[in-house]
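Structural overview for review
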Amino acid sequence: MWVGWLLGGFLATAVPVFAQAPPEVFKIDPPSWWTRSSVNPVRLLVRGRNLSGARAQVGGSGVRVVSPPKTNDSGTYLFIDVAIASLAKPGTRQLKITTPGGTTQTAFEVLSPLTRSGNFRGFSPDDIMYLIMIDRFSDGDPSNNDPPQSRGLYDRENKYYYHGGDFQGVINRLGYLKDLGVTAIWLTPWYDNYDRLNEIELKEGKPCTGFHGYNPQDFYSVEEHFGTLSKLRELVAAAHRLGIKVVQDEVANHTGPYHPWVDDPPTPTWFNGTRAHHLKNVFQTWELHDPRPVEILKRETMEGWFLDFLPDLNQHDPEVARYLIQNTLWWIGVTGLDGIRMDTWQYVPNSFWRDWNAALKREYPNFKVTGEVKDGDTAHTSFFQGGRVRFDGIDSGLDSLLDFPLFYPIRHAFAEEKHLDEIPKMLAKDYLYTNPDILVTLLGGHDDGRFMSEKGATIDGLKLANTFVLTTRGVPQLYYGDEIAMTGPDEATARKDFPGGFPGDKRNAFSREGRNRDEQELFEYIRRVTQLRSELEPLRRGALITLHVSEQQYAYARTTKSSAVITVINNDQKTAQVEFEVSALGLADGAVLIDRLGVTKEVRVENGKLKVTLPERSAAIVVRK
Ligand SMILES: [Ca+2]
Ligand SMILES: [Ca+2]
Ligand SMILES: [Ca+2]
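1. A closer look at the packing of aromatic side chains
Tallying each qualifying case throughout the model produces 44 aromatic pairs. Judged by centre distance (6.3 Å) and plane angle (40°), the ring pair of Phe414 and Phe468 falls under tilted. Here Phe414, found in helix H10 (residues 404-415), pairs with Phe468, found in helix H12 (residues 459-471); they are 54 residues apart in sequence, far enough to count as distant. Its relative accessible area of 0% is what places Phe414 among the buried residues. Taking the relative accessible area as the measure of exposure, Phe468 reaches 0% and is therefore buried. Here the aromatic rings of Tyr479 and Tyr480 are separated by 4.8 Å at their centres, their planes lie at 70°, and the arrangement is edge-to-face. With a relative accessible area of 0%, Tyr480 lands in the buried category.

Following this line, the structure appears as structure tokens:
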């Protein structure tokens, strides 16, 4: 005690006191918030310089600073809690920061909450989702292709550079998507990614760019190659007018390698480790649900840096957790979007997800989230679905997962012509999920090679895969360009530009005239099935009932109280006659059924059975006449 006092006294008298330089503010996160929010006060993270000893004050009425700001040791960050009165008038306020060195001001905006009608709706099996890689879909505004903020990252000849796709391009194609039967678009991350070449992650030996969106440098801005926040809001509003929901792709596990936090974190524990000293992710994900986990192995997977260079955020730091929760609410609150696809779900602690999901549902009760757990094992993926307390005592609250366990059998059966019965065998594991009906089913995505580039893939096989995804349980998700049989054997080539979306393209596959015969036939086929899904309620909401399974034939029903729809698939290279019991579906002898896909003739129930004849590699969707 005495020594401490002496030392403290010594330092206080011996260290000369320099005049503090004037405070400077570079950034305020969030830059705005709305009245009547479930989060109030809202915590602002202010980044700047010479902020030690700061006091804060808000000019104007309706907003006040509720407690003295917290500063980090180097005086580069302030945490400020501001309360917004429910009747506060929308508009800009000045946040005044005063230190012994002087005063500076920064703007903070009060918003009115967006109307709930038509916004924040969540997704459901009533929807057909369509995944768009923003940079590769459609360039609606060439003026943002080589923006001043980040010159030199645009080159359509380089598959790792920006190609010009943007929000305006998506807006321009909403009519096309509506025509295809899409009711929700999932857009790859639109956060502002680094403005320079990535020289840490080399692709084919050369630097690359963050065109894919998964390497944010700012969680509160949109990527300048894609447009502006107001253009994004325009996109959401335009989509909503057409009855199309918007799903944001978010990342909460890591930042990009050039985020300013990496060399100057707001708190000492902001990241798991530092650029110089951190664990490397070993992806031993089974440790995460192992009842006998080795803690260090678990840590390597939960806290290790992806690819050794993506800084891993520490959600156990309450400031990080608060920041990420507010960030998610902010994007929803300022745009009106409807759902989230969360990247790298399993590498973030469940305790954080519980709090994050609870905050989300508090503000937006109908909202839905699907998590990316990229694993083909149902025992593994189902562990991460909410609705059940796990051995760690936590229910994460997660609604939905991308259905990767079903993705692989779909590829095997319909692209590679392996056994079709792999699919019902996988579906039989649905008991492991708390709710299989809300899983997002897919036959293609942006992290895998395209369906049509699998060995043995044909248009017929792709039609069958689409038929299955659009008639089985879950929320079907299409991947842009799969509807015109685009190819690409690996991740990079599966992200090719949609033909016709870009200035100077030789043909426009967004229009009928620009599609060749195969493409048009496939497009029309998928549209017919999406129309059936929309028209026939059981295909969206009905219980899934297996009727018949053999090596290459599969029949199943979707049933509601009042009706049933039967899908029959023949994945064989020759005609097949499929016979199965239907009396349990309430179909009496003599009932006549027709195939809405027009492949097979009328069929009649006899002796409680239905007999359907299907040509090679074809499907029927059978309903009561
Ligand atoms: Ca553009
Ligand atoms: Ca950028
Ligand atoms: Ca992590």
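2. Overview of the coordination of the calcium ion (ligand 1)
Within the protein, the atoms that donate to the calcium ion (ligand 1) are Asp139 (OD), Asp141 (O), Asn144 (OD1), Asn145 (OD1), Gly164 (O) and Asp166 (OD), at distances of 2.3 to 2.7 Å. Considering all six donor atoms around the calcium ion (ligand 1), the spread of angles at the metal, 63 to 175°, places the coordination shape in the irregular class. Donor residues for the calcium ion (ligand 1) sit on one chain with the sequence pattern D-x1-D-x2-N-N-x18-G-x1-D. On the criterion of sequence distance, the pair formed by Asn144 in the loop between helix H2 (134-137) and helix H3 (167-172) and Gly164 in the loop between H2 and H3 is long-range, its members being 20 residues apart. Grouping residues by exposure puts Asn144 and Gly164 together as buried.

3. With respect to helix H7 (residues 318-335)
Its 18 residues place the ends of H7 26 Å apart at the C-alpha level, agreeing with the 26 Å of an ideal helix rising 1.5 Å per residue. For H7, the buried fraction is high: 16 of the 18 residues fall into the buried class. Measuring from the side-chain oxygen of the N-cap residue of H7 to the backbone nitrogen of Glu319 gives 2.8 Å; that N-cap residue is Asp317. One or two residues past the end of H7 sits Gly336, with phi positive at roughly 85°.

4. Focus on the sheet that holds strand S11 (residues 184-187)
One open sheet accounts for eight strands, arranged S19-S18-S17-S16-S11-S10-S21-S20; its pairing is parallel. Looking at strand neighbours, the two that pair on one side only are strand S19 (400-401) and strand S20 (440-442), the edges of this open sheet.

5. Thoughts on the nonpolar core
By size, the foremost hydrophobic cluster in this structure holds 158 residues, and its most contacted members are Tyr130, Ile185, Trp190, Phe414 and Phe468. The element contributing the most residues to this core is H7, with 10 residues. Non-local contacts of Trp190, meaning those with residues more than four positions away in its chain, are made with Ile134, Phe167, Ser221, Val222, Glu223, Phe226, Leu232, Val246, Gln248, Trp331 and Leu337. Leu547, Val582, Leu593 and Val612 belong to the second-largest nonpolar core, a separate cluster that totals 19 residues.

6. With respect to the side chain of Gln346
Position of Gln346 relative to the elements: it lies in the loop between strand S17 (339-342) and helix H8 (350-363). In this structure the side chain of Gln346 is engaged in a polar contact, spanning 2.7 Å, whose partner is the side chain of His380. Setting aside residues no more than four positions away along its own chain, Gln346 makes contact with Thr285, Leu288, Met302, Glu372, Val373, Lys374, His380 and Phe384.

7. Let's talk about the packing of H7 against H8
Packing of H7 against H8 leaves a shortest axis separation of 10 Å and a crossing angle of 30°. H7 and H8 meet at a crossing whose hand is right-handed. Note on element contacts: H8 touches H7 through Phe352, Asp355, Trp356, Ala359, Leu360 and Glu363, opposite Ala321, Leu324, Ile325, Thr328, Leu329 and Ile332. Broken down by class, the residue content of the contact of H7 with H8 amounts to nine nonpolar, one polar and two charged.

8. A closer look at the sheet that holds strand S26 (residues 592-595)
Here we have six strands laid out as an open sheet, ordered S22-S23-S24-S29-S26-S27, and antiparallel in their pairing. Every interior strand has two partners, whereas the edge strands, strand S22 (543-549) and strand S27 (603-604), have only one. Bridge analysis of strand S23 (residues 553-559) against strand S24 (residues 564-570) gives seven bridges, and the strand direction is antiparallel. From the neighbouring strand, Thr559 faces S24, where its bridge partner is Ala564.

9. A word on the pattern of salt bridges
Taken as a whole, this structure holds 43 salt bridges when the rule is applied. Asp448 serves as the salt-bridge partner of Lys374, at 3.1 Å between the closest nitrogen and oxygen. Highlighted residues: Lys374 in the loop between strand S18 (368-371) and helix H9 (378-381) and Asp448 in the loop between S20 and H12, separated in sequence by 74 residues. A relative accessible area of 15% places Asp448 in the buried class. Residues joined by salt bridges that share partners form a network here, namely Arg43, Lys70, Asp81 and Glu319.

10. Structural notes on the environment of Asp338
Along the chain, the position of Asp338 falls in the loop between H7 and S17. In this structure the C-alpha to C-alpha distance between Asp338 and His419, which are 81 residues apart in sequence, comes to 37 Å. Ignoring any residue separated from it by four or fewer positions in sequence, one finds Asp338 in contact with Gly118, Asn119, Phe120, Arg121, Gly122, Phe123, His240, Lys245, Val246, Phe367 and Lys368. One polar contact links Asp338 to His240, side chain to side chain, over a distance of 2.6 Å.

11. What to know about the confidence of the model for the protein
Looking at the protein, pLDDT values average 96 and 97% of them are 70 or higher. Here helix H1 (residues 2-14) stands out as the least confident element of the protein, with mean pLDDT 39; H3 is the most confident, with 99. Counting interchain partners and residues more than four positions distant, the pLDDT-below-50 stretch residues 1-16 has zero contacts.

Parameters at a glance
Residues numbered from 1 in each chain as written. Chains lettered and ligands numbered in written order. Predicted model: local features only at pLDDT ≥ 70, side-chain atom pairs only at ≥ 80, totals over all residues. Heavy atoms only, no water. Phe/Tyr/Trp six-rings, centres within 6.5 Å; stacked < 30°, edge-to-face > 60°. Helix = DSSP H or I, 4+ residues; strand = E, 2+ residues; numbered from the N terminus. Buried < 20%, exposed > 50% of the residue type's maximum accessible area, 1.4 Å probe, protein only. Donors = N, O, S within 2.8 Å, 3.2 Å for Na, K, Ca; no water. Tetrahedral: all angles 85-135°; square planar, octahedral: opposite > 155°, others 65-115°. Expected span 1.5 Å × (residues − 1). Polar contact = N/O pair within 3.5 Å; in protein donor to acceptor, adjacent residues only side chain to side chain. Pairing = 2+ DSSP bridges. Core = buried A, V, L, I, M, F, W, Y, C linked by side-chain atoms within 4.5 Å. Contact = heavy atoms within 4.5 Å. Axes fitted to C-alpha atoms, helices over the stretch in contact; angles between N-to-C directions. Left-handed = near helix turned anticlockwise from the far one by under 90°. Nonpolar A, V, L, I, M, F, W, Y, C, P; charged D, E, K, R; others polar. Salt bridge = Lys/Arg side-chain N within 4 Å of Asp/Glu carboxyl O. pLDDT = per-residue confidence, 0-100.

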